[in-house]
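# Close look at the chain arrangement
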Amino acid sequence: MSRIKQCFENLEKSGKKALIPYITAGDPSPEYSVALMDALVDGGADVIEIGMPFSDPMADGPVIQLACERSLAAGTSVKKVLQIIADFRKKNTHTPVVLMGYLNPIEFFGYQSFSNAAKEAGVDGVLLVDLTPEEATDVVECFRENEIDLIYLLSPTTTPERAKKICDLATGYVYYVSVKGVTGSAELDVDSVKKHVDSLRAITTLPIGVGFGIRDAKTAALVSQCADGVIVGSVLVNAIAENKDHQKEYIAGALKDILLPMRNEMDA
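Residues numbered from 1 in each chain as written. Predicted model: local features only at pLDDT ≥ 70, side-chain atom pairs only at ≥ 80, totals over all residues. Heavy atoms only, no water.

## Some thoughts on the side chain of Thr204
Turning to its location among the elements, Thr204 is positioned in the loop between α9 (190-201) and β8 (208-211). Take Thr204: its relative accessible area is 12%, and that puts it in the buried class. Only 3.0 Å separates the side chain of Thr204 from the backbone nitrogen of Leu206, close enough to count as a polar contact. (Helix = DSSP H or I, 4+ residues; strand = E, 2+ residues; numbered from the N terminus. Buried < 20%, exposed > 50% of the residue type's maximum accessible area, 1.4 Å probe, protein only. Polar contact = N/O pair within 3.5 Å; in protein donor to acceptor, adjacent residues only side chain to side chain.)

Shown next, in the form of structure tokens:
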């Protein structure tokens, strides 16, 4: 059983929901990333999403775009991202790690080569924002061979027919984008989120994670009432930006200070 599947099953048994934080690998420096991932776990993370920096992160707002720029300027490559995961795995063998990024760097690396390297590094899932189900057949096989979950985005504008097609292809969990637009771009309408999540439950048995627009413990707790996982990104990445000139221990503390209230409120 995959780490992702095991994680969600264990949470369901205990009546809890997954807290899934996102940070960009190599931001503000590759040397900081493992410590920041450890801090996310200490803050209550059940699954960690790690962004692979790309020069044109089209689905992301200014906060994560700037994180990608900082990471690339610091010399972060796909190989370096995989090394960060491998280093994290030296101490943590239980927390699922999902890589989130775009097709271009992976296509350049080679899908099969990337899949093999990701498996060796200890990656559990991959979310490629611009990989459409129509173009995913060969890519899916590469990851399935290595038992790596391929996770997909669904949005408020996804038609029921297309949502079914995507859910049938996905494994691990599906990522429901709670707002129209890029990350960090709009206020969260929890009633609308619940309506869409309920409709997804009619077409898939996969866990449903909800991201975009979750900024604090209150919104995290509200979303956790209808979703299986709460995905938190921009608020964490912004904290890294605000503290990028500090030591990694200070930044790690800032991330924990954001996550712990969310974890506590979700579990209350």
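## Digging into the packing of aromatic side chains
The full count for this structure, using the stated rule, is five aromatic pairs. Aromatic side chains Phe8 and Tyr173 sit 5.7 Å apart centroid to centroid with 50° between the ring planes, which places their arrangement in the tilted category. With a gap of 165 residues between them, Phe8 in helix α1 (residues 3-14) and Tyr173 in the loop between α8 (160-169) and β7 (174-177) connect regions that are remote in the sequence. In this pair, the class of Phe8 matches that of Tyr173, namely buried. Both rings, one in Tyr175 and one in Phe212, keep their centres 6.0 Å apart while their planes meet at 90°; by these two values the pair is edge-to-face. (Phe/Tyr/Trp six-rings, centres within 6.5 Å; stacked < 30°, edge-to-face > 60°.)

## What about the environment of Ile231?
Checked against the element boundaries, Ile231 lands in strand β9 (residues 229-232). Along the primary structure Ile231 and Ala136 are separated by 95 residues, whereas in three dimensions their C-alpha atoms are 24 Å apart. Leaving out residues up to four positions away in the same chain, Ile231 has contacts with Ile20, Glu49, Tyr173, Tyr175, Gly209, Val210, Gly211, Phe212 and Ile214. (Contact = heavy atoms within 4.5 Å.)

## What about the pattern of salt bridges?
A full pass over the atoms with the stated rule returns 14 salt bridges. The residue Arg263 makes a salt bridge to Asp46 at a minimum N-O spacing of 2.5 Å. Taken together, the residues Arg263 in helix α12 (residues 248-267) and Asp46 in the loop between α2 (33-42) and β2 (48-51) connect sequence positions 217 residues apart. With respect to class, Arg263 is no different from Asp46; both count as buried. Measuring nitrogen to oxygen at the nearest pair gives 3.6 Å for the salt bridge that ties Lys119 to Glu147. (Salt bridge = Lys/Arg side-chain N within 4 Å of Asp/Glu carboxyl O.)

## Section: the nonpolar core
Core analysis: the biggest nonpolar cluster contains 70 residues, and Ile23, Met37, Ile50, Leu99, Phe114 and Tyr152 have the highest contact counts within it. Beyond its immediate sequence surroundings of up to four residues, Leu99 is in contact with Ile50, Met52, Val81, Leu82, Ile85, Phe114, Val123, Gly125, Val126 and Leu127. Residues Cys7, Tyr22, Ile64 and Tyr175 belong to the second largest nonpolar core, which totals 22 residues. (Core = buried A, V, L, I, M, F, W, Y, C linked by side-chain atoms within 4.5 Å.)

## Comments concerning the sheet that holds β7
What the nine strands build is an open sheet, ordered β5-β4-β3-β2-β1-β9-β8-β7-β6; its pairing is parallel. What marks the edges here is a single partner per strand, and that holds for β5 (149-150) and β6 (153-154). Here β6 pairs with β7 via two bridges, running parallel. Looking at the pairing, Leu153 lines up with Tyr175 of β7. (Pairing = 2+ DSSP bridges.)

## Remarks on unusual backbone geometry
With the exception of glycine, the majority of residues adopt a negative phi angle, and the majority of peptide bonds are in the trans configuration. Residue Pro28 follows Asp27 across a cis peptide bond; omega there is 0°. The residue Pro28 is located in the loop between β1 (18-24) and α2 in this model. With a phi close to 55°, Glu147 is a non-glycine residue in the positive phi region. Here Glu147 is to be found in the loop between α7 (137-145) and β5. Even without being glycine, Phe212 reaches a positive phi, approximately 80°. With respect to the helices, strands and loops of the structure, Phe212 is situated in the loop between β8 and α10 (217-224). A relative accessible area of 8% means that Phe212 is categorised as buried.

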